[in-house]
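Letter by letter, the chains look like this.
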Number of protein chains: 2
Amino acid sequence: MDFIIIGGDAAGMSAASRAKRTQPDMNVTVLEMTQDVSYSACGMPYNIADPQRSIEELVVRRAEVFREKQGINLLTGHRVEGIQPDAQTVSGVSADGKGFSFSYDRLLIASGASPVRPKVPGIDLPGVLALKSLEDGRNIKQFVKDKNVRRVAIVGMGYIALEMCEAFRALDLEISMLKPNPNLLPWLERSCAQVVQQELESHGVNLLFGQGLKGIEAGANGLKAVCDETSLDVDMVLIAMGVRPNSDIAANAGLALSVADSIAVDKKLQTSHDHIYAAGDCADAYHVVTRSKTWIPLALRANGAGWAAADNVCGKEKTLPGIAGTAVFKVFDLEVARTGLNVPEASAAGFEPVAVSVKTRSKAHAHPGNTTIYLHMVADKKSGKLLGLQMVGREGVAHRIDAPAVALHAQMTVEDFSESDLAYAPPFGPTWDPMLTTANQMLKKIG
Amino acid sequence: MDFIIIGGDAAGMSAASRAKRTQPDMNVTVLEMTQDVSYSACGMPYNIADPQRSIEELVVRRAEVFREKQGINLLTGHRVEGIQPDAQTVSGVSADGKGFSFSYDRLLIASGASPVRPKVPGIDLPGVLALKSLEDGRNIKQFVKDKNVRRVAIVGMGYIALEMCEAFRALDLEISMLKPNPNLLPWLERSCAQVVQQELESHGVNLLFGQGLKGIEAGANGLKAVCDETSLDVDMVLIAMGVRPNSDIAANAGLALSVADSIAVDKKLQTSHDHIYAAGDCADAYHVVTRSKTWIPLALRANGAGWAAADNVCGKEKTLPGIAGTAVFKVFDLEVARTGLNVPEASAAGFEPVAVSVKTRSKAHAHPGNTTIYLHMVADKKSGKLLGLQMVGREGVAHRIDAPAVALHAQMTVEDFSESDLAYAPPFGPTWDPMLTTANQMLKKIG
């Protein structure tokens, strides 16, 4: 059987490895448009923060290993430009300019996502960069070094923007961040977002809210980022306004699209067309709380979906329940995490959301090194179900969030969750874990 | 209504506060034999480690607050010696030597547990101490200071023994630990236990396995702890051989006992006798995995059971599902955690246990500061159900264990758990969390 995979990053290479392990005699071909496969994309900000480290350290498995040890026909520099579902072929152009066409029995689209780039004047100037591929990371690192960058404007204030802000501050660069929206992290409860904002400001980051990017001008002394009401003289502009799914080839082939133009897949990762699967940042997923489609491009889902698609291609039927919208990031000394829905999302999904915000301590009473932890829980008044939890704090947030994530998968009520036998020892939390305290507060409210 | 509570620690004071909040006109009387109520018992080792801190810092709420602000009739120095269920009375002796007798409509036994003390010669010598009550903590702290203690023998190697070992090493004391069993932490998988043993040894702790305590002798220069095959010259002996439930008064009143002579209670915390409840370290609990009775005296259960008993006394029917056997402790730079069953426990409960041990990394590929994390998962081959997880590592263990604990409450299969949308960011773990990697390994084995 010929199994062709478009894209050699998390979902694609996971699928290729899994299929080859399950069926060693299968012909598995991966068509990757760049020269890089299998690297830790999420690790790039931390690598960029350290000039002593090479970006190549982020490579998890080299192309030769996939080719020689695993027997995968991995073709880098191969850009797929079209899918012909009826003919069961894909066609495109390779790095040397030659066209190619391959037949498949089963196809997996794992084409990922691309940074959103605003259509403003100067967006293509040297020094206007974005971070998605390893090549992007390489370019940023090189540019910072070669051009002796001192001042950076970051357009956007999402996860990547904040992680890159921290990385650049570690390099002692001056950072301004701008966005048109008046609020930092609008999905985060306001008092939690305020804590993040204070953390950024205490690290000398210049935050410009309500400022959209109008254009970028090249000058004698670097770049000028022109915003709605001000302008910034900088050496580099990082565009970090989020990503959009690379779904054009799927749409052109007549496959159904979904939320945010991601490729629609069922729980087996199958698209609207027989024999064609999609996985990773280009595809949608079911949300285990709303039971509806969502598009939240994150690494764990990409890896798991790659595996599940491969299993289905190999005839080992595998369904995935979906995602809970769990995410975590670090910004300076803060951990920020969420799982499930916030109030507006819960309302939009037809729930009757009730929210509780709690500010408590990260460790037991009187334990040294105690810090503050902020929690925000959302539940459904009608069913008593837990819908979501957000947390911000200096420690113990990133791993705590996994417990409510599992509770969301299990469709637990707040009362169920409040009765969970969570771990306790004074160095790690109060007797009632902050999450249980929050659940107990919620029970008083939804009684 | 007269609600009498025997014992003024975690379960007792939780129940008293909850009952008074729910029914402000209820007469709530707490009979506590010591002078101390509502303190962080688990915090004692960390307090003892720091000579600058007073043990009184561990008091969470002072007796006067319960009396004056909350209107609880809190009687310290009141030792209950008998319960008369037919007459609905309790009787005992107060600190001034006078007898007392009180009538109740509802009774809660929250008498806690006491340290096991071996019946060996010299066990009552000065300098032979145990740690359970705040008074014990006070005595240890005072003794270490007054007698200029340099060498301690710790009899036992459980949680408290290990936490006290760390505390004493922080005071730069020489520590020998002894136990008759040849293995450290026999409930822990051997390779995980080995990691803990190395940690203790690397901190200069002298571990004597296969050595029971035969007796203690007083000498001119301190104490001699006589063991099976050796003896130790020390300044202090800490008895930390575990605890037993204070259930004598319950047994004498004809109440049914359960595992390890704990007081048998149903999911409403009701004993075998109408109108009498029990909660905290003196009472048993259902295990959510085995669905059978167990006795694991820990603080969170004590607090939750106190609340639930009070709710039932107040006519707000409340059932608790039970415990998952979740526990965590810190020993030097290691975090050690468990939830659910190990292989022998699973076999004893009628499961067909399969185990997987995984050694992996605490952070993402190539992330700075990566450490090793050891996991041991147990599942049921027949049903595919997750039965338990153990973890040891230098970071991220204590809070991670809460996710499988919730999964056990939800009766998840390993496959369910493996599909959980857990948080990922490079500073906090690999893309596939170590727990998911372990679940994936387990699926290969039971798949």
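Residues numbered from 1 in each chain as written. Chains lettered and ligands numbered in written order. Predicted model: local features only at pLDDT ≥ 70, side-chain atom pairs only at ≥ 80, totals over all residues. Heavy atoms only, no water.

A. Region of the structure containing empty space enclosed by the protein. Residue and element names in this part refer to chain A. Counting across every chain of the model gives ten cavities of 30 Å³ or more. In this structure, the largest cavity spans a volume of roughly 80 Å³. Gly 280, Ala 283, Asp 284, Ile 296 and Arg 301 are, among the 13 residues lining the largest cavity, the residues nearest its centre. (1 Å grid on protein atoms, 1.4 Å probe; cavity = no way out; pocket = protein on both sides within 12 Å on 5 of 7 lines; lining within 4 Å. Points joined across faces, edges and corners; volume = space filled by probe spheres on them.)

B. Just the pattern of salt bridges, in detail. For the coordinates displayed, the defined rule picks out 38 salt bridges over all chains. Note that Arg 151 of chain A and Asp 235 of chain A form a salt bridge whose closest N and O atoms lie 2.7 Å from each other. Here Arg 151 of chain A is found in strand E10 (residues 151-155), whereas its partner Asp 235 of chain A is found in the loop between strand E15 (231-234) and strand E16 (236-239), with 84 residues between them in sequence. Per residue, the accessibility class of Arg 151 of chain A equals that of Asp 235 of chain A, and both read buried. Salt-bridge contacts for Lys 318 of chain B lead to Glu 419 of chain A; the nearest nitrogen and oxygen are separated by 2.6 Å. Separated into two different chains, Lys 318 of chain B in the loop between helix H8 (299-313) and strand E21 (327-331) and Glu 419 of chain A in the loop between helix H11 (414-418) and helix H12 (434-446) make up a pair that spans both. Pair check on accessibility: Lys 318 of chain B and Glu 419 of chain A agree, each one buried. In the salt-bridge network here, residues are joined through shared partners; they are Asp 36, Glu 56, Glu 135 and Arg 138 of chain A. (Salt bridge = Lys/Arg side-chain N within 4 Å of Asp/Glu carboxyl O. Helix = DSSP H or I, 4+ residues; strand = E, 2+ residues; numbered from the N terminus. Buried < 20%, exposed > 50% of the residue type's maximum accessible area, 1.4 Å probe, protein only.)

C. Layout of the environment of Ser 38 of chain B. Residues and elements named next belong to chain B. Position of Ser 38 among the secondary structure elements: in the loop between strand E2 (27-31) and helix H2 (44-48). Taking the relative accessible area as the measure of exposure, Ser 38 reaches 13% and is therefore buried. Separated by 96 residues in sequence, Ser 38 and Leu 134 place their C-alpha atoms 9.7 Å apart. Every residue in contact with Ser 38, bar those within four places of it in the chain, is listed here: Gly 8, Met 13, Leu 58, Val 59, Val 60, Arg 61 and Phe 66. (Contact = heavy atoms within 4.5 Å.)

D. Looking closely at the interface of chain A and chain B. At the junction of the two partners, chain A supplies 62 residues and chain B supplies 62 residues. For the chain A and chain B pair, buried surface summed over both sides reaches about 5,200 Å², with 67% attributable to carbon and sulfur atoms. Taken together, the connections running from chain A to chain B amount to four salt bridges. Salt-bridge contacts for Lys 318 of chain A lead to Glu 415 of chain B; the nearest nitrogen and oxygen are separated by 2.7 Å. At the boundary of chain A and chain B, one finds 24 residue pairs in polar contact (both at pLDDT 80 or more). Broken down by secondary-structure element, the contributors of at least two residues to the side of chain A that touches chain B are helix H8 (299-313), strand E21 (327-331), helix H10 (402-409), H11 and H12 of chain A. At six residues, the largest contribution of residues to the side of chain A that touches chain B is made by H10 of chain A. Residues that form the side of chain A that touches chain B fall into these classes: 35 nonpolar, 16 polar and eleven charged. (Buried area = accessible area lost by both parts, 1.4 Å probe. Polar contact = N/O pair within 3.5 Å; in protein donor to acceptor, adjacent residues only side chain to side chain. Nonpolar A, V, L, I, M, F, W, Y, C, P; charged D, E, K, R; others polar.)

E. Inspection of the relation of the copies chain A and chain B at higher detail. When chain A is fitted to chain B, the best match, at an RMSD of 0.0 Å, comes from turning it 180° and sliding it 0.0 Å along the axis. Given the turn and translation reported, the copies of this chain are related as if by a two-fold rotation axis. Of every C-alpha in chain A, the one belonging to Ala 403 of chain A sits nearest the axis of rotation, 2.0 Å from it. Looking at chain A, 100% of its interface residues are interface residues in chain B too, so the copies touch through the same face. (Least-squares fit on C-alpha atoms with pLDDT ≥ 70 in both.)

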